[in-house]
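So you can see what is in the structure, the chains are spelled out below.
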Amino acid sequence: MGFEPPQRLVRTLGETYGEAVAAEWLGRLPALAAERVEQASLVAERVMAPGGRSGLVVLVRLPDGSPAALKIAPPFARPDREREALAHWNGWGAVRLLDEVGPDALLLERLHPEVSLRSLPEAKALLEAAGTVRRLWVEPPAGHGFETVAERTARQTAAMERHGADETVGELTATALAAREELLAGEAETLLLHGNFRQGKVLAGDRTPWLAVGPEPLVGERAYDLARLVRDRVEDLVAASSGASAARRRVNRLADSLDVDRERLRGWTLFRAVESGTRALAAGRRQDAELLLEFAGWL
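Owing to the predicted nature of the structure, the values given are computational and were not obtained by experimental measurement.

Caption draft 1: Focus on the sheet that holds strand S9 (residues 210-212). A sheet is described by the order of its strands in space; here 3 strands give the open sequence S6-S8-S9, paired in antiparallel fashion. On the outer flanks of this sheet lie strand S6 (112-116) and S9, each paired with one strand and no other. Averaged over all pairs of adjacent strands, the angle between strand axes in this sheet comes to 55 degrees, irrespective of strand direction. Bridging between strand S8 (residues 202-204) and S9 involves 3 bridges; their strand directions are antiparallel. Looking across to S9, one finds that Leu203 is bridged to Leu211.

Caption draft 2: Focus on the environment of Pro79. Looking at the element boundaries, Pro79 is found in helix H3 (residues 79-89). The spatial distance from the C-alpha of Pro79 to the C-alpha of Leu106 is 7.8 Å, given a sequence separation of 27 residues. Among all residues touching Pro79, those that are not within four sequence positions of it are Ala73, Pro74, Pro103, Asp104 and Leu106.

Caption draft 3: The arrangement of the layout of surface pockets in detail. By volume, the second largest pocket is sized at about 180 Å³. If you go around the second largest pocket, the residues you meet are Thr175, Ala178, Ala179, Glu182, Leu183, Glu263, Arg264, Arg266, Gly267 and Leu270. Looking at the lining of the second largest pocket, the elements with two or more residues in it are helix H6 (170-185) and helix H10 (262-282). Across the lining of the second largest pocket, the residue classes break down as 4 nonpolar, 2 polar and 4 charged.

Caption draft 4: The arrangement of the pattern of salt bridges in detail. Counted according to the given criterion, the structure contains 26 salt bridges. When the shortest N-O distance is used, the salt bridge between Arg118 and Glu235 registers 3.4 Å. With Arg118 in the loop between S6 and helix H4 (122-136) and Glu235 in helix H8 (residues 234-239), this residue pair connects regions lying 117 residues apart in the sequence. Residue class for Glu235 comes out partly exposed when judged on its relative accessible area of 34%. Through salt bridges that share partners, Arg78, Asp80, Arg81 and Glu84 make up one connected network.

About the criteria used
Residues numbered from 1 in each chain as written. Predicted model: local features only at pLDDT ≥ 70, side-chain atom pairs only at ≥ 80, totals over all residues. Heavy atoms only, no water. Pairing = 2+ DSSP bridges. Helix = DSSP H or I, 4+ residues; strand = E, 2+ residues; numbered from the N terminus. Axes fitted to C-alpha atoms, helices over the stretch in contact; angles between N-to-C directions. Contact = heavy atoms within 4.5 Å. 1 Å grid on protein atoms, 1.4 Å probe; cavity = no way out; pocket = protein on both sides within 12 Å on 5 of 7 lines; lining within 4 Å. Points joined across faces, edges and corners; volume = space filled by probe spheres on them. Nonpolar A, V, L, I, M, F, W, Y, C, P; charged D, E, K, R; others polar. Salt bridge = Lys/Arg side-chain N within 4 Å of Asp/Glu carboxyl O. Buried < 20%, exposed > 50% of the residue type's maximum accessible area, 1.4 Å probe, protein only.

On their own, these measurements won't tell you what the molecule is for.
Shown next as structure tokens:
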């Protein structure tokens, strides 16, 4: 079978790591995927589409016929860090790592990729999401190599600062950057975080109803990890006449349900929404940017 990368993967890697870097790896991906499948004696069924944003996911069968999923990611997306986090969680709240298939590939238990928390009504989805992410917040392994919230957001800050003189987003960007400085000055927790947790990253499973996938792990405080979840279904929030008040209620509800400080969650939600919005602007995704920045302005 062919192992052509879905367009979502092509677009996301190009935006995140640069077109030239992404294109070089994507050009090698079909042959690399075929090699990893053969190396592990797997039977490939189909490539998941639209699939993930950081790697190619192939639904496979193990030599004994049982189902699994093979994820192949470029080295610059740090699959080694994802492997380390999944091994540490060992199936607790997250997809289980079955084996290593080369430095760029992860063999994972098969979930139901077509059923995520986004398939549930909003209130139920947020409840299940809170229960899932709570399980992931554990002490990181000794001697880990994960970056910190401060390190990751420092890299993002450099790109955001380029929008400081923009008359439409400059003030909001400055507010977000100031919020980050204040939050880091008071950060105390050093838990293992998913890093990109949202409804679409929680899939239905057989071993347990819901399991997280696709971590971009780092260490830091829970409020940072929860912040991306706050803006889930942002298009619905923006379309609603009560969107601003609904967004603020969501911050408070999630913070209270997980014993997270409301103001810290609001601050990280603001920073992460503006970071994503300015990144969307830079990539030419103006509609996405407008949704994110309007949401951020409510906070």
